[in-house]
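A structural walkthrough
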Amino acid sequence: MLPNVFSPEEIAVLLRHIEAAEASSPNFRRSQDVFAIRNLLGELPQLQELLLTPQLRTVLASLFPDQVPHLVKAIYFDKPADSNWLVAWHQDVMVAVDRRLDLPGFGPWSTKSGKTTVLPPREILESIITLRLHLDDCDATNGALRVVPGSHRHGVIPNDQHPAFTPHAVTCDVPAGGVMLMQPLTLHASNRSTSSRPRRVIHLEFSAAELPAGLQWREELPLS
């Protein structure tokens, strides 16, 4: 966890843009329990400059030395204060791509609402680093992420083996403006909120890996 990557003023500007967005696209999901925006920078391209601040670029440079990463996924999550939403233990193993191709090591594939995802080879998953920007103070009472440290070193873990790992879980408290770094193969979960505070997070995934010829990350955004 890295505190104070974004200032209160920068957080306020990001929230103003998100709250002013017209939620007519299928990438917007709003219910009593959650408000989410998938393909965040595709829907709100004005956020790109606001997110890729000099301080965040410094973080990326330390994570990807001698490489130029690209953004491969961006999601906004809002867990409202009265939400009963929880997320069971899982790893983020499916990546969003632009098409389906018969490629060795790729699969299974899934297509929903015209959008394709795939389980890629382990080396692709291990190339991804997730940065979770917290727009609110977050702890166990408002749905802070729980993770199993070191679980990302075990590749894709079958669901029936999760109980062997989860006794070692820790809760990740992150202050507003802080960034939590993790790899998608890390086992993680989120409990229901029990407080009156929201938990708003911008989830960004970066990778310097190139996909095989003919296949592209669906949300790929090169960093200039």
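Residues numbered from 1 in each chain as written. Predicted model: local features only at pLDDT ≥ 70, side-chain atom pairs only at ≥ 80, totals over all residues. Heavy atoms only, no water.

**As for the sheet that holds strand β10 (residues 170–171)**
Selection rule: The pairing criterion is simple: DSSP has to find at least two bridges between the two strands. Secondary structure elements follow DSSP: runs of H or I of four or more residues count as helices, runs of E of two or more count as strands, with numbering from the N terminus.
Taken in spatial order, the 4 strands line up as β4-β12-β9-β10 in an open sheet, and their pairing is antiparallel. Looking along the sheet, the strands with just one partner apiece sit at the ends: β4 (87–90) and β10. Of the pairings in the sheet, the one linking strand β9 (residues 145–147) to strand β12 (residues 188–190) comprises 3 bridges and is antiparallel in character. Within the sheet, the bridge partner assigned to L145 lies in β12 and is S190.

**Concerning the pattern of salt bridges**
Note the cut-off: Every case where a carboxyl oxygen of Asp or Glu lies within 4 Å of a side-chain nitrogen of Lys or Arg is listed as a salt bridge. Only protein chains enter the calculation, and the probe is 1.4 Å; a residue is then buried if its accessible area is under 20% of its type maximum, exposed if over 50%, and partly exposed in between.
Enumeration over the complete set of coordinates arrives at 5 salt bridges. A salt bridge links E126 to R122; the nearest nitrogen and oxygen atoms lie 2.6 Å apart. Taken as a pair, E126 and R122 lie in helix α5 (residues 122–126) at a separation of 4 residues, close to a single helical turn. For E126, a relative accessible area of 34% translates into the label partly exposed.

**A word on helix α1 (residues 8–19)**
Inclusion rule: Residue count minus one, scaled by 1.5 Å, sets the expected span of a helix. The arc in question is formed by the directions pointing from the helix axis toward the C-beta atoms. The contact definition used throughout considers only heavy atoms, calling two residues in contact when any of these lie within 4.5 Å.
The terminal C-alpha atoms of α1, which comprises 12 residues, lie 16 Å apart, in line with the 16 Å expected from a rise of 1.5 Å per residue. Where α1 is concerned, the buried positions are I11, L14, L15 and I18. One side of α1 holds all its buried residues, which, seen down the axis, span an arc of 100°. Those residues of α1 that are exposed and aimed more than 90 degrees away from the buried face are E9 and R16. Tucked into the core, α1 has its buried residues touching β2 (35–37), α3 (47–51), β3 (70–79), β8 (129–134) and β13 (199–207).

**Observations regarding the sheet that holds strand β6 (residues 109–112)**
So the rule is basically this: Helix axes are fitted to C-alpha atoms over the stretch in contact, other axes to C-alpha atoms as well, and angles between N-to-C directions run from 0 to 180 degrees.
The strand order across the open sheet formed by 3 strands is β5-β7-β6, and the pairing between neighbours is antiparallel. At either end of the open sheet lies a strand with only one pairing partner, and these are β5 (95–97) and β6. Sheet twist, expressed as the mean angle between neighbouring strand axes with direction ignored, is 35°. Here β5 runs beside strand β7 (residues 115–118); their pairing, made up of 3 bridges, is antiparallel. Across the sheet, residue V95 finds its bridge partner in β7, namely V118.

**A word on the side chain of H134**
Of note, H134 is situated in strand β8. Once you skip the residues sitting within four places of it in the chain, H134 turns out to touch I11, V174, P175, A176, G177, G178, M180, R200 and V201.

**Looking at a positive patch on the surface**
Put simply, the rule is: Residues with no salt bridge and a relative accessible area higher than 30% make up the patches, which join like charges within 9 Å and nonpolar side chains (Val, Leu, Ile, Met, Phe, Trp, Tyr) within 5 Å. Surface exposure here means Shrake-Rupley accessible area, sampled with a 1.4 Å probe, where a residue is shielded only by the protein chains that are shown. Positive: Lys, Arg. Negative: Asp, Glu. His and the chain ends are not part of the count. A charge is said to be at NZ when it belongs to Lys, at CZ for Arg, at CG for Asp and at CD for Glu.
A surface patch of like charges, here positive, comprises R29, R38, K112, K115 and R218. Take R38: it is sitting in the loop between β2 and α2 (40–43). We classify R38 as partly exposed; its relative accessible area is 45%.

**Focus on the packing of aromatic side chains**
Applicable threshold: Paired rings are identified among Phe, Tyr and Trp, the last through its six-membered ring, by centres lying within 6.5 Å, and are further divided according to the angle between planes into stacked (under 30 degrees), edge-to-face (over 60) and tilted (the rest).
One pass over the full model with this rule turns up 1 aromatic pair. For the pair F35 and Y76, a centre-to-centre distance of 5.7 Å together with 75° between the ring planes defines the contact as edge-to-face. Residue F35 is located in strand β2, and its partner Y76 is located in strand β3; the two are separated by 41 residues in the primary sequence. Taking relative accessible area as the criterion, F35 reaches 8% and is therefore assigned buried.

**Quick notes on the nonpolar core**
The line we're drawing: Among buried residues, the Ala, Val, Leu, Ile, Met, Phe, Trp, Tyr and Cys ones that are joined through side-chain atoms within 4.5 Å form a nonpolar core.
Grouped together as the largest cluster of nonpolar side chains are 33 residues, with contacts concentrated most on Y76, L133, I202 and F206. For this core, the secondary structure elements donating two or more residues are α1, β2, α2, α3, α4 (54–63), β3, β8 and β13. Ranked by residues supplied to this core, first place goes to α1 with 4 residues. Excluding residues that lie within four positions of it along the chain, I202 makes contacts with I18, L40, L51, I75, Y76, L131, R132, L133 and L135. Membership of the second largest hydrophobic core comes to 17 residues, among which are V97, W109, L211 and L215.

**Overview of the environment of G150**
Among the structural elements, G150 can be located in the loop between β9 and α6 (162–165). G150 sits in the buried class, given a relative accessible area of 18%. With 33 residues separating them along the chain, G150 and Q183 place their C-alpha atoms 9.8 Å apart.

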